[in-house]
Amino acid sequence: MTPTLSRRDWLGVSAGLGLSLSGWLPRLAAEAAVNPKRKRSCILLWMNGGPSTIDMFDLKPGHGNGGPFKEIVTSAPGLKFGEHLPKLARHAHEMAVVRSMSTKEGDHGRATYYLHTGNLPQGVLQFPTLGSLISKELGDPAADLPNFVSVAPFRAFSQGAFGPGFLGPNFAPLVVGEGNFGAPAGDTADRVLKVPDLDRPKDVSPGQADSRYDLLRDLDGGFGTDRPNASLASHRSAYDRAVMLMQSVGAKAFDLHEEPMKVRDAYGRNIFGQGCLLARRLVERGVPFVEVNMGGWDTHQNNFDAVQRLCGTLDAGWSTLMADLAARGLLESTTVIWMGEFGRTPRINQNKGRDHHQNSWSAVLAGGGVKGGQAYGQTTADGSKVDGEPTGVPDLLATLCQAMGVDHLKTNNSNIGRPIRIVDKSAKVIKSIVV
Amino acid sequence: MAACGKSWAVGLVFAAVTAAAGQESAPPPPRVIHAKMKTPDELAKAIDRHMEAHWKANNVTPAPAADDAELHRRLCLDLLGQIPAVGDARTFLDDKDPAKRDRKIAELFSRPAFLNHYVTVLRLAWLPQATDNQQFQFLSPSFETWLRKKLKDNTPTDQIVRDLLTAPTLFNGRQGFNGNPSESPFAFNQVNEFKPENVAAAASRLFMGVKIECAQCHNHPTAPYKKEQFWELAAFFADVQPTIASVSDVKVKREIKIPDTTKVVQAKFFDGQTPKWDAAKSPRATFVDWLTAKENPYFARNFANRLWAHFFGAGLIDPVDEPGDDNQPAVPALLDELTRAFIDNNYDQQFLMKAIVQSKAYQLTSRQTHPSQADPRLFARMAVKGLSGEQLFDSLSLATGFVDSTPREQRVFGGTRRDFVAKFSTTEKITEKQTSILQALTMMNGRFVTEQTALTRSVFLDGIVQSPFWTTREKVDMLFLATLSRPPAAAEAERFASYVDRGGADNDKKKALADVFWALLNSSEFSLNH
């Protein structure tokens, strides 16, 4: 059963992927898309370093701050992107650009934490990262695959920003590709995106692994009979689920070799591109939250060369992801959020760079639950301030929750006993960009 | 008993003042109803008297005493942060001396590992931000060195806290930072970002046992702390800013402005008392005087409670930092007794620790033998506790004979231990520690365990496997002793020895022994403190 696509969508898909149309839609994905039990998924595209959104989504051509990039039209009338995002521009009708983002945090560590958790760092209170919060709401605790996967996070700026905080290790992300930021392109990318320690050690035969596990079960059975305890139960359950993951069909999601070469090429043979492909595969299998990280955006020097290069990678990966999700009928139930920790200064510095600028920058919501084809909010002509009502981090995150059908006011118990809402109650949902 | 009468009178005054001020009334100072505890042994007996009364009053049948193996392992984990070495385990089990438990306890307190472990425990509690945060990790060694010295010299706890809270600044005005001395408690201010409110909140939580963080921004919904009380406490630390033009420029600040308001509050003690200021004494020293005064109702009680929690997995007041009407001590008279003993013995934490581990209550088995033992607040069986990342790694190292080749200075930042510990660190309650799938994968397939269970790479395993003198049964015994610190039960011995003799899955006795070793290291019994 194939989802219906308009002719224009088909053209978009095929042009973007450079594929012939025959035999493209795998049945598995199509069935997944129409499965009534299917819940929503979220893909966070995290741009580490603070991307120069004034050169990508909110250009000021003709102004001294504008820089050399031109604007291009997109698939959404009236909405223009920077010239180095041409493939993405064809998906503008599925995207809502929030141009009025504004915070007071210009420090990488604090801002990264703020954008990821919706809260500023506060002493001992350990706020959970967005992925943990959302996957807790949407994930199935008995699922084969972990509910939250993080691809190549760069945690140096803020360890806490990427972890489950007070929700505990059960909501920690499965991390792949860590320590490979800015890593090699080419074939090593898929080796790097494997689950750590998922494979049986080489010297251990399958029979041996099975009998080891039998011995373990014996030992645990004996020990636990008269020691009722939560830690014990958690230990056993973690081991059972780890073994399930090792043996599961679901774990094959991480094997990118299953994808045709052309698809892998279309996403881009780099960590980000292959990470986006992995995200699609995971979402297809019901994983509710995947975070894909991309670095290099801290362009204090040579901003324009760097941004052009980075946009090449971003454009290929993100546009292919959008097209791929749409083609498989998954876009309606998958919300994509694109952001960094802040934007960059309109004023170009003496190194042809742009510095940190948290007063006014852009973030993007796309896909499921989002009314695409529009820009929300605006900045002044010189780009230095928001013109009108600024959008805070809680507002953005609450809007994301709304698009996904998650109640952002729901509370969780924190490590200091205080109940903490998913998003602070001061948040204002941007109604005009939610379906 | 004049001192006793005086402190009682002071207590009345306090109670009256606080009642008048309409603030939360402090718990009454402990009444001395038992004789002063002069030795840990006396206190241990007192603990047992209280517990027996508690169990009787609640119709509880306490669990039986733990056997030697169970107790030995528990003592080593609690006091040294690691399981017993295989040789020590065998020696202890074979020892026929009826007084061996007390001798072992005395021996453990004298081992260097005791101080190392307790210093780590305190650093994790007092400098939580230094655990994972790259910005602050480098502060741990200097802090630990300072703390270790204090504990080794048996410095009374009130003096330790005094030194911690009034540490002279490491910043030198315009010349900037003095650089990290090799030992200093100054990190306490650094990890709290030199913010008065952060330092005050940490001091209140750790040393008064009162978690007042919430009141920073608003009046606490359920506890009686008001926002003003928080800032009055923070005002004592208002001079904590690092950059000062010159030492003589330091204006003694005794007040603080509440952020986002125009209100300025004066420093005031938590019980509502106004300090008697002395020009020669800094506000922080003034605060510490109040905090560590013998009649202060928070300080000693907090430490007594936390020490209990360290060994039993839960405090007599639990959570340890949320006292209140709905969180009364499980055994009030016992907490009073421990508090009084702490004060009377010069705030000596080791005194209390020795008493606790010598008590019968501590030495109960963790097996539940009667349904009346189910409620953890009864302490009628020892609670099963999780292991910290440090305890797990150090135990694995000991069990496998792993030697860390990372140079000492670098161990804070990287290396096998650090990487492993980072994967297992948590702030959960130790009796409810969870295991994640990734942690399970690390233990099952990760490099560390794989190498240490590989026949060719693990020195310890190889030694056992290759030995020509031991029977299969004896080899299995050794593996159990090295990992679980006990010999196998009859049924276990039969099962595992016959598995090895059959050669396991690949008809190879040596591989089968490695399988047994792997299973033991991955077992829940190994990964828990019971």
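Residues numbered from 1 in each chain as written. Chains lettered and ligands numbered in written order. Predicted model: local features only at pLDDT ≥ 70, side-chain atom pairs only at ≥ 80, totals over all residues. Heavy atoms only, no water.

Peer 1: What is the right way to read the overall build of chain B from this model?
Peer 2: Per the secondary structure count, chain B includes 24 helices and four strands. Going through the 530 residues of chain B one by one, you find that 55% of them count as buried. In chain B, once contacts between residues fewer than 6 apart in sequence are set aside, the share between residues at least 24 apart is 67%. Total accessible area computed for chain B in this model is approximately 22,700 Å², and 53% of it derives from carbon and sulfur atoms. (Helix = DSSP H or I, 4+ residues; strand = E, 2+ residues; numbered from the N terminus. Buried < 20%, exposed > 50% of the residue type's maximum accessible area, 1.4 Å probe, protein only. Contact = heavy atoms within 4.5 Å. Areas by Shrake-Rupley, 256 points an atom, 1.4 Å probe, with all protein chains shown as cover.)

Peer 1: What's the story with the overall build of chain A in this structure? I'm lost.
Peer 2: Along its length, chain A carries 12 helices and 14 strands. Every one of the 435 residues in chain A was classed for burial, and the buried ones make up 59%. Contacts in chain A between residues far apart in sequence, at least 24 positions, make up 73% of those at least 6 positions apart. Total accessible area computed for chain A in this model is approximately 16,800 Å², and 51% of it derives from carbon and sulfur atoms.

Peer 1: What is the right way to look at the domain arrangement of chain B in this model?
Peer 2: Quoted interface sizes are often the accessible area lost when the parts come together. All names here are of chain B. Its domain assignment divides chain B into domain 1 (2-31 + 114-292), domain 2 (40-67 + 78-99 + 309-383) and domain 3 (386-529). If you look at the interface, domain 2 gives 14 residues, while domain 3 gives 18 residues. When domain 2 packs against domain 3, the two sides together hide about 1,300 Å² of surface, and 61% of this comes from carbon and sulfur. Where domain 2 packs against domain 3, one counts zero salt bridges. (Domains from an automatic or database assignment. Buried area = accessible area lost by both parts, 1.4 Å probe. Salt bridge = Lys/Arg side-chain N within 4 Å of Asp/Glu carboxyl O.)

Peer 1: Would you mind showing me how to read helix α6 (residues 112-126) of chain B here?
Peer 2: Helical geometry: 3.6 residues make up each α-helical turn, so side chains three or four residues apart lie on a common side. With 15 residues, α6 of chain B extends 21 Å from end C-alpha to end C-alpha; this agrees with the ideal 21 Å at 1.5 Å per step. For α6 of chain B, the complete set of buried residues consists of Ala113, Phe114, Leu115, His117, Tyr118, Val119, Thr120, Leu122, Arg123 and Trp126 of chain B. (Expected span 1.5 Å × (residues − 1).)

Peer 1: Mind showing me how you'd approach the packing of aromatic side chains here?
Peer 2: To describe a pair of aromatic rings, one takes the distance between the centres and the angle between the planes. The tally for this structure, following the rule as stated, stands at 38 aromatic pairs over all chains. Taking 5.9 Å as the distance between ring centres and 10° as the angle between the ring planes, the aromatic pair formed by Trp318 of chain A and Trp338 of chain A counts as stacked. With a gap of 20 residues between them, Trp318 of chain A in helix α11 (residues 303-327) and Trp338 of chain A in strand β8 (residues 334-340) connect regions that are remote in the sequence. Per residue, the accessibility class of Trp318 of chain A equals that of Trp338 of chain A, and both read buried. When the ring of Phe269 of chain B is compared with that of Trp290 of chain B, the centres are 5.2 Å apart and the planes differ by 10°; the resulting orientation is stacked. Separated by 21 residues along the polypeptide, Phe269 of chain B in the loop between β2 (264-266) and α12 (283-291) and Trp290 of chain B in helix α12 bring together distant segments of the chain. By relative accessible area, Phe269 of chain B is classed as buried at 9%. (Phe/Tyr/Trp six-rings, centres within 6.5 Å; stacked < 30°, edge-to-face > 60°.)

Peer 1: Help me out: how do you make sense of the state of the cysteines in this one?
Peer 2: Residues and elements named next belong to chain A. Within the structure shown, the criterion is met by zero disulfides over all chains. The thiol of Cys311 is unpaired, and the distance to the nearest cysteine sulfur, on Cys276, comes to 14 Å. Taking the relative accessible area as the measure of exposure, Cys311 reaches 1% and is therefore buried. (Disulfide = S-S within 2.5 Å.)

Peer 1: Explanation requested: the pattern of salt bridges in the structure shown.
Peer 2: Between side chains of opposite charge, a pair can form as their charged atoms come close. Counted under the stated rule, the structure contains 47 salt bridges over all chains. Residue Glu259 of chain A is joined to Arg281 of chain A by a salt bridge in which the shortest nitrogen-to-oxygen separation is 2.7 Å. Remark: Arg281 of chain A occurs in helix α10 (residues 271-284) and Glu259 of chain A occurs in the loop between α8 (230-247) and α9 (261-267); sequence separation between them is 22 residues. Each member of the pair Glu259 of chain A and Arg281 of chain A is classed as buried. With a shortest N-O distance of 3.4 Å, Lys385 of chain B and Asp78 of chain B are connected by a salt bridge. Taken together, the residues Lys385 of chain B in strand β3 (residues 385-386) and Asp78 of chain B in helix α3 (residues 68-80) connect sequence positions 307 residues apart.

Peer 1: Sorry, what's going on with helix α5 (residues 130-138) of chain A here?
Peer 2: Taking burial as the measure, the nine residues of α5 of chain A include eight buried ones, the bulk of the element. Along its buried surface, α5 of chain A packs onto α4 (108-117), β5 (148-151), β7 (289-294), α12 (393-404) and β13 (411-413) of chain A.

Peer 1: What is the right way to look at the packing of helix α17 (residues 416-424) of chain B against helix α18 (residues 437-445) of chain B in this model?
Peer 2: The description of two helices packed together rests on the angle between their axes and the distance between the axes. Residue and element names in this part refer to chain B. Between α17 and α18, the least distance of the axes is 9 Å, while the angle of their chain directions is 145°. Along its contact with α17, which presents Phe420, Lys423 and Phe424, the element α18 presents Gln439, Thr442 and Met443. Each residue belonging to the contact of α17 with α18 can be placed in one class, and the counts come to three nonpolar, two polar and one charged. (Axes fitted to C-alpha atoms, helices over the stretch in contact; angles between N-to-C directions. Nonpolar A, V, L, I, M, F, W, Y, C, P; charged D, E, K, R; others polar.)

Peer 1: It is not clear to me how the sheet that holds strand β11 (residues 361-367) of chain A should be interpreted in this structure. Could you clarify?
Peer 2: Strand pairs in the sheet, formed through backbone hydrogen bonds, run parallel or antiparallel to each other. Residues and elements named next belong to chain A. Spatial strand order, β6-β5-β7-β1-β8-β11-β4-β12: eight strands in an open sheet with mixed pairing. In the strand order of this sheet, the two ends are held by β6 (174-176) and β12 (374-376), each with one partner. Each neighbouring strand pair of the sheet contributes to a mean axis angle of 15°, computed without reference to strand direction. Pairing of β8 with β11, which is carried by four bridges, proceeds in the antiparallel orientation. (Pairing = 2+ DSSP bridges.)

Peer 1: Sorry, what's going on with empty space enclosed by the protein here?
Peer 2: Empty space left among the atoms is revealed by rolling a probe the size of a water molecule over them. Applying the stated rule across the entire model yields five cavities of 30 Å³ or more. Empty space within the largest cavity amounts to approximately 190 Å³. What lines the largest cavity is a set of 16 residues, among which His235 of chain A together with Leu392, Lys433, Thr435 and Ser527 of chain B lie closest to the centre. Residue assignment for the lining of the largest cavity shows that the elements contributing at least two residues are α8 of chain A together with α18 of chain B. Counted by class, the lining of the largest cavity contains seven nonpolar, eight polar and one charged residues. Its boundaries defined by the atoms lining it, the second largest cavity holds a volume of some 90 Å³. Taken together, Phe114, Leu115, Tyr118, Leu151, Asn154, Thr155, Thr157, Ile160, Asp348, Gln349, Gln350 and Met353 of chain B make up the lining of the second largest cavity. Class assignment of the residues belonging to the lining of the second largest cavity gives a composition of six nonpolar, five polar and one charged. Built from parts of two domains, the lining of the second largest cavity gets at least three residues from each of domain 1 (2-31 + 114-292) and domain 2 (40-67 + 78-99 + 309-383) of chain B. (1 Å grid on protein atoms, 1.4 Å probe; cavity = no way out; pocket = protein on both sides within 12 Å on 5 of 7 lines; lining within 4 Å. Points joined across faces, edges and corners; volume = space filled by probe spheres on them.)

Peer 1: I would appreciate a short explanation of the interface of chain A and chain B in the present structure.
Peer 2: Between chain A and chain B, the contact holds 50 residues from the first and 61 residues from the second. When the two sides are added together, the surface that chain A and chain B hide from each other amounts to roughly 4,700 Å², 59% of it contributed by carbon and sulfur. Taken together, the links from chain A to chain B amount to three salt bridges. Between Arg212 of chain A and Asp515 of chain B there is a salt bridge, with its nearest N and O atoms 2.8 Å apart. Our count for the contact surface shared by chain A and chain B stands at 15 residue pairs in polar contact (both at pLDDT 80 or more). Every element with two or more residues in the side of chain A that touches chain B is listed here: β6, α7 (206-224) and α8 of chain A. (Polar contact = N/O pair within 3.5 Å; in protein donor to acceptor, adjacent residues only side chain to side chain.)

Peer 1: Before we go on, may I ask you to explain unusual backbone geometry in this structure?
Peer 2: Glycine aside, negative phi is the norm for most residues, and most peptide bonds take the trans geometry. Residues and elements named next belong to chain B. In this structure, Pro319 follows Asp318 across a cis peptide bond, with omega equal to 0°. In the Ramachandran plot, Ser485 falls in the positive-phi region, its phi being about 60° despite a non-glycine side chain. Within the secondary structure, Ser485 is located in the loop between α21 (472-484) and α22 (490-502). When its relative accessible area of 2% is taken as the criterion, Ser485 is described as buried.

Peer 1: Would you explain the environment of Ala44 of chain B in this entry?
Peer 2: Residue and element names in this part refer to chain B. In this fold, Ala44 is placed in helix α2 (residues 40-57). It is 32 Å that separates the C-alpha atoms of Ala44 and Ser425, two residues lying 381 residues apart in sequence. Contact partners of Ala44, with chain neighbours within four places excluded, come to Ala355, Gln358 and Ser359.

Peer 1: Explanation requested: the side chain of Thr472 of chain B in the structure shown.
Peer 2: Residue and element names in this part refer to chain B. Turning to its location among the elements, Thr472 is positioned in helix α21. According to the relative accessible area criterion, Thr472 is buried, its value standing at 16%. When residues no more than four places from it in sequence are discounted, the contact partners of Thr472 are Ala497, Val500 and Asp501.

Peer 1: When you look at the side chain of Asp78 of chain B in this model, what are you seeing that I'm missing?
Peer 2: All names here are of chain B. Owing to a relative accessible area of 4%, Asp78 belongs among the buried residues under this scheme. A polar atom in the side chain of Asp78 sits 3.4 Å from the side chain of Lys385. When neighbours within four sequence positions are excluded, Asp78 is seen to be in contact with His117, His310, Phe311, Tyr362, Lys385 and Asn529.

Peer 1: Is there a simple way to think about the environment of Tyr213 of chain A in this case?
Peer 2: Topologically, Tyr213 of chain A is positioned in helix α7. For Tyr213 of chain A and Tyr239 of chain A, which are 26 residues apart along the polypeptide, the C-alpha to C-alpha distance reads 9.5 Å. The residues contacting Tyr213 of chain A, other than those within four sequence positions of it, are Tyr239, Asp240 and Val243 of chain A together with Met444 and Trp518 of chain B.

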